[in-house]
Amino acid sequence: MSEAIQKKEIKCLSIEELKADLKEMREKPFRAGQIFKWLHEAVESFDEMTNLSKELRAKLSERYELTVPICVRKQVSQVDGTRKYLWQMRGGDCVESVLMRYEHGNTVCVSTQVGCRMGCKFCASGLFGLKRHLSAGEILDEVLFIQKESGEPVSNIVLMGTGEPLDNYENVLKFLHLVSCPGGIQIGQRHISLSTSGLADKIELLANEKLQITLSISLHAPDDESRSSIMPVDKRYPVARLMQACAYYFDTTGRRISYEYMMARGKTDRPWQAEKLASLLRGRPAHVNLIPLNPVKESPLQPSSRDTVRKFQQILERHGVTATVRRKLGPDIDAACGQLRRRTLEEGEIIQ
Ligand code: SAH
Ligand code: SF4
């Protein structure tokens, strides 16, 4: 293992942890706030921290690793300005993040793992399995460096890129605290959404943290037969168990849950499935996002027709369940999550 990897990653530390370290180094604890602010401005070397003495900068660089992702590929949509970035992290691993422009502000979609082990049949991110977890600092880097590179302020974050956030629970939780606490980029928790394929036990753990983030469940089918055929996680946590965890999440945090529902022709889009979904959500504060499936070439699944999606939506609404059809952003670039990384891996441009 190289020396750089053994050093503590400075961007994984909270202000309190930095303070404790500084004390140990016989430095003034108030420097922690200054350092934290520099880190969140995406400095690329300790020497950029110009309000610290040369001696302290040297001590920091000896003690800590400062991660700096390299942008190896970028796609900008000519249609709506969506920007997709492929970052090379330490050790050469590549992850992608997307900057989306909405009326209510700029949203960054971050990856939480290099690859994913959940194996959903429709997803490009899972095709190569899981390589490794991202650290809290590396997830934070995606946000900080997009803000720096684009010159645009980021106001919202969605954890919907490659990876299953709750499979990297500790690091993701740490990231949520780092990105929302005072003194840094400070994105309010109400402006953060976490999407999960449904690890029920982790949803309950997260509920106990009582964060103000929005939890988004990738449900995609209301019955175990269809769901388990496209999402292996359903075998471990069937729909009933997942819904139980969702009820606990709402009861504990008071936050309404958002359900992602992918419309796959003949698989998840049948009228009885809309009825079943409505009965699952009856009496629960919930919002459904209907997402047209984005075809990936390794899977036979195809998107539903517009008409089918509209009919599905109508059934839900008839039962009092609010549902919106998600607008597709960046239609002219590799839009679905994992596609840019996948294409780059296939072309062999980046060696992993
Ligand atoms: N692992 C988490 C978060 C990342 S995936 C999760 O599964 O929720 C983000 C979202 O993109 C999920 O709702 C996922 O189901 C969806 N998704 C993945 N591949 C897709 C595809 N080909 N078409 C449409 N949605 C897709
Ligand atoms: Fe992983 Fe989410 Fe893709 Fe499933 S949809 S393979 S959980 S990234």
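Residues numbered from 1 in each chain as written. Chains lettered and ligands numbered in written order. Predicted model: local features only at pLDDT ≥ 70, side-chain atom pairs only at ≥ 80, totals over all residues. Heavy atoms only, no water.

Remarks on helix 7 (residues 200-208)
Selection rule: For each residue, the accessible area found with a 1.4 Å probe, counting protein chains only, is set against the maximum for its type, and the residue is called buried under 20%, exposed over 50%, and partly exposed in between. In DSSP terms, a helix is any run of H or I states spanning at least four residues, a strand is any run of E spanning at least two, and both are numbered starting from the N terminus. Directions pointing from the helix axis toward each C-beta atom define the arc. Contacts are assigned to residue pairs that have any heavy atoms within 4.5 Å of one another.
Taken together, the buried positions of helix 7 are Ala 200, Ile 203, Leu 206 and Ala 207. End-on view of helix 7: buried residues confined to an arc of 115 degrees, all on one side of the axis. Packed against the buried residues of helix 7 are helix 6 (169-180), strand 10 (192-196), strand 11 (214-218) and helix 10 (239-253). At the C-terminal side of helix 7, Lys 210 shows a positive phi close to 50 degrees.

Quick look at the nonpolar core
To keep it simple, the criterion reads: Throughout this description, the term nonpolar core refers to a set of buried Ala, Val, Leu, Ile, Met, Phe, Trp, Tyr and Cys residues connected via side-chain atoms within 4.5 Å.
The biggest cluster of nonpolar side chains holds 99 residues, and the ones touching the most others in it are Phe 175, Leu 206, Tyr 259 and Val 288. The residues touching Val 288, leaving out its near neighbours within four places in the chain, are Tyr 259, Tyr 261, Leu 277, Leu 281, Leu 316, Val 321, Thr 322, Ala 323 and Thr 324.

Describing the packing of aromatic side chains
How we decide: For Phe, Tyr and Trp, where Trp contributes only its six-membered ring, two rings pair if their centres lie within 6.5 Å, and the inter-plane angle classes them as stacked under 30 degrees, edge-to-face over 60, or tilted in between.
Applying the stated criterion to the full structure yields two aromatic pairs. Ring geometry for Tyr 85 and Trp 87: centres 5.3 Å apart, planes at 5 degrees, overall stacked. One exposure class covers both Tyr 85 and Trp 87, and it is buried. A ring pair is formed by Tyr 261 and Phe 312, whose centres lie 5.0 Å apart and whose planes are at 35 degrees; its orientation type is tilted. Here the residue Tyr 261 occupies a position in strand 12 (residues 257-263), and Phe 312 occupies one in helix 12 (residues 306-318), the gap between them amounting to 51 residues. Accessibility expressed as a relative area gives 1% for Tyr 261, which makes it buried.

As for the pairing of strand 5 (residues 94-102)
Regular strands place side chains that alternate from one sheet face to the opposite one. Keep this limit in mind: At least two bridges found by DSSP between two strands is the condition for calling them paired.
Most of strand 5 is tucked away: seven of the nine residues are buried. Across six bridges, the pairing between strand 4 (residues 83-88) and strand 5 is antiparallel. Across the sheet, residue Lys 84 finds its bridge partner in strand 5, namely Val 98. Joining the antiparallel neighbours strand 4 and strand 5 is a turn of five residues, in which Gly 91 adopts a positive phi near 80 degrees. Two elements, strand 5 and strand 6 (residues 105-109), share five bridges in a ladder whose sense is antiparallel. Note on strand 6: the bridge partner recorded for Met 100 is Thr 107.

So, the site of ligand 1
Just so we agree on the cut-off: The cutoff for a nearby residue is simple: one of its non-hydrogen atoms must lie within 4 Å of the molecule or strand. Pairs of N or O atoms are called polar contacts if they sit within 3.5 Å, as long as, within protein, a hydrogen donor faces a hydrogen acceptor (for residues adjacent in sequence, only side-chain-to-side-chain pairs). With residues, only the protein chains shown are counted as cover, and all accessible areas are computed by Shrake-Rupley using a 1.4 Å probe. Note on residue categories: nonpolar means Ala, Val, Leu, Ile, Met, Phe, Trp, Tyr, Cys or Pro, charged means Asp, Glu, Lys or Arg, and polar means any other residue, Gly included.
The local shell around ligand 1 holds 16 residues, among which Gly 163, Ser 195, Ser 218, His 220 and Asn 294 are the closest. Within the contact set of ligand 1, a nitrogen atom lies 2.8 Å away from a backbone nitrogen or oxygen of Gly 163. Here an oxygen atom of ligand 1 and a side-chain polar atom of Ser 195 are 2.6 Å apart. Burial of ligand 1 by the protein amounts to 90% of the accessible area it has alone, namely 530 Å². Its residues assigned to classes, the shell around ligand 1 shows seven nonpolar, eight polar and one charged.

Quick word on the pattern of salt bridges
What counts is decided by this rule: Basic side-chain nitrogens of Lys or Arg form a salt bridge, by our definition, when they fall within 4 Å of a carboxyl oxygen of Asp or Glu.
Taken as a whole, this structure holds 24 salt bridges when the rule is applied. A salt bridge links Arg 83 to Glu 149, with the nearest nitrogen and oxygen atoms 3.8 Å apart. Of this pair, Arg 83 sits in strand 4 while Glu 149 sits in helix 5 (residues 136-150), placing them 66 residues apart in sequence. When the shortest N-O distance is used, the salt bridge between Arg 241 and Glu 204 registers 2.9 Å. In this pair, Arg 241 sits in helix 10 while Glu 204 sits in helix 7, placing the two residues 37 residues apart along the sequence. One connected set of salt bridges, linked through shared partners, spans Glu 9, Glu 65, Arg 90, Asp 93, Lys 131, Arg 132 and Glu 138.

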